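Structural characterization, general
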Amino acid sequence: NAGVTQTPKFQVLKTGQSMTLQCAQDMNHEYMSWYRQDPGMGLRLIHYSVGAGITDQGEVPNGYNVSRSTTEDFPLRLLSAAPSQTSVYFCASGEGLAGYSYEQYFGPGTRLTVT
Amino acid sequence: SQQGEEDPQALSIQEGENATMNCSYKTSINNLQWYRQNSGRGLVHLILIRSNEREKHSGRLRVTLDTSKKSSSLLITASRAADTASYFCATDARYHTGRRALTFGSGTRLQVQP
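Quick caveat: nothing in here was measured; it's all calculated off a predicted structure.

Rules used in this analysis
Residues numbered from 1 in each chain as written. Chains lettered and ligands numbered in written order. Predicted model: local features only at pLDDT ≥ 70, side-chain atom pairs only at ≥ 80, totals over all residues. Heavy atoms only, no water. Helix = DSSP H or I, 4+ residues; strand = E, 2+ residues; numbered from the N terminus. Rg over C-alpha atoms; globule rule 2.2 N^0.38 Å. Buried < 20%, exposed > 50% of the residue type's maximum accessible area, 1.4 Å probe, protein only. Contact = heavy atoms within 4.5 Å. Areas by Shrake-Rupley, 256 points an atom, 1.4 Å probe, with all protein chains shown as cover. Lys, Arg positive; Asp, Glu negative; His and termini not counted. Charge placed at Lys NZ, Arg CZ, Asp CG, Glu CD. Salt bridge = Lys/Arg side-chain N within 4 Å of Asp/Glu carboxyl O. Polar contact = N/O pair within 3.5 Å; in protein donor to acceptor, adjacent residues only side chain to side chain. Buried area = accessible area lost by both parts, 1.4 Å probe. Nonpolar A, V, L, I, M, F, W, Y, C, P; charged D, E, K, R; others polar. Pairing = 2+ DSSP bridges. Axes fitted to C-alpha atoms, helices over the stretch in contact; angles between N-to-C directions.

Quick notes on the overall build of chain A
Looking only at helices and strands, chain A features zero helices and eleven strands. Going residue by residue from the N terminus, the α and β elements of chain A occur as β-β-β-β-β-β-β-β-β-β-β. What you see for chain A is a C-alpha radius of gyration of 13 Å, in line with the 13 Å of a compact globule of 115 residues. Across its three principal axes, chain A shows a C-alpha extent of roughly 40 × 25 × 25 Å. Among the 115 residues that make up chain A, the fraction classed as buried is 52%. Sequence-distant contacts in chain A: of pairs separated by 6 or more residues, those separated by 24 or more amount to 54%. Carbon and sulfur atoms make up 51% of the accessible area of chain A, which amounts to about 4,900 Å² in all. Chain A carries 7 positive and 9 negative side-chain charges, and their two centres are separated by 14 Å.

Now the structure itself:
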């Protein structure tokens, strides 16, 4: 199993550009989530999904969109990048609809810089 | 604001000593988890304790949970230089949608000196 994979590993964007961060898992997990990690702030939840077609907002959803068309993939879209979105982004997955009740498997992260 | 907060923010100890980290949270939970993050890497799950459990062990790790005080502690015994990492607690907070999701604290940075 590859586990949770994220692409790209690094990305530099100019203010106003859009892009999609890819996340895929091969463990057939229903629950997937996106976090951003800023220095000294820990991880903050952006969006999460409890299955294909079902997504919800987390703590800091503004400026980001998600969709979940398959169990395996959960892409995160930045609509119009801003310097405040410079961060490290982590995707995670967990078993079942209540994936928060189980161990989360994290991807290696995408380091995004917006200039 | 974040559901869980770790204390201390940073901890430096000598190899062989024990390391204790604390986590406090605000609302009711079903479970609490501890994760470890090595510099520049993703998080790795260490241990999960459910709200009806008071203590759990895994190797050199011991986790306690006090739901009346809304707090948990992670004890690493006989620490090694390889334990140097950041440690995070995570709880299943309920969001405005009514659904629960996993939220993390800001972490404790542990430095183990050889």
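Considerations on the pattern of salt bridges
Within the structure shown, the criterion is met by six salt bridges over all chains. Between Glu55(B) and Arg62(B) there is a salt bridge, with the nearest N and O atoms lying 3.2 Å from each other. Under the relative-accessibility criterion, Arg62(B) is labelled partly exposed at 29%. A salt bridge links Arg60(B) to Asp83(B); the nearest nitrogen and oxygen atoms lie 2.9 Å apart. Note that Arg60(B) is positioned in the loop between strand S6 (55–58) and strand S7 (61–66) and Asp83(B) in the loop between strand S8 (71–76) and strand S9 (85–94), a separation of 23 residues in sequence. The exposure class assigned to Arg60(B) is partly exposed, which follows from its relative accessible area of 23%. Residue class for Asp83(B) comes out buried when judged on its relative accessible area of 6%. Each of the salt bridges in this network shares a partner with another, and the network as a whole consists of Arg36(A), Asp38(A) and Arg44(A).

Looking at the side chain of Thr108(B)
Residue and element names in this part refer to chain B. Inspection of the secondary structure assignment puts threonine 108 in strand S11 (residues 108–113). Engagement of the side chain of threonine 108 in a polar contact is seen with the backbone oxygen of proline 8, the distance being 2.5 Å. In this view, threonine 108 contacts Glu6, Asp7, Pro8, Gln9, Leu11, Met21, Ala85, Ser86 and Tyr87; residues no more than four positions away in its chain are not counted.

Section: the interface of chain B and chain A
At the interface, 25 residues of chain B touch 25 residues of chain A. Summed over both sides, the interface between chain B and chain A buries roughly 2,000 Å², with carbon and sulfur atoms accounting for 53% of that surface. Linking chain B with chain A are zero salt bridges, by the criterion used here. Counting across the interface, chain B meets chain A through five residue pairs in polar contact (both at pLDDT 80 or more). Elements supplying a minimum of two residues to the side of chain B that touches chain A: strand S4 (31–37), strand S5 (43–50), S9 and strand S10 (100–104) of chain B. When the residues that make up the side of chain B that touches chain A are grouped by side-chain class, the tally is eight nonpolar, twelve polar and five charged.

What about the sheet that holds S8(B)?
For sheets, the rule is that strands pair by backbone hydrogen bonds, running either parallel or antiparallel. Residue and element names in this part refer to chain B. The five strands lie next to each other as S1-S3-S8-S7-S6, forming an open sheet whose pairing is antiparallel. Each edge of the sheet is formed by a strand with only one pairing partner; in this case those strands are strand S1 (4–7) and S6. Across this sheet, the average inter-strand angle for adjacent strands is 20°, counted without regard to direction.

Focus on the environment of Gly96(A)
Residues and elements named next belong to chain A. Following the sequence through the fold, glycine 96 ends up in the loop between strand S9 (87–94) and strand S10 (105–106). The class for glycine 96 is partly exposed, based on a relative accessible area of 30%. A C-alpha to C-alpha distance of 6.2 Å links glycine 96 and histidine 29, two positions 67 residues apart in sequence. Residue contacts for glycine 96: discarding those within four places in its chain leaves Glu30 and Tyr31.

These figures come from the coordinates and say nothing about function on their own.
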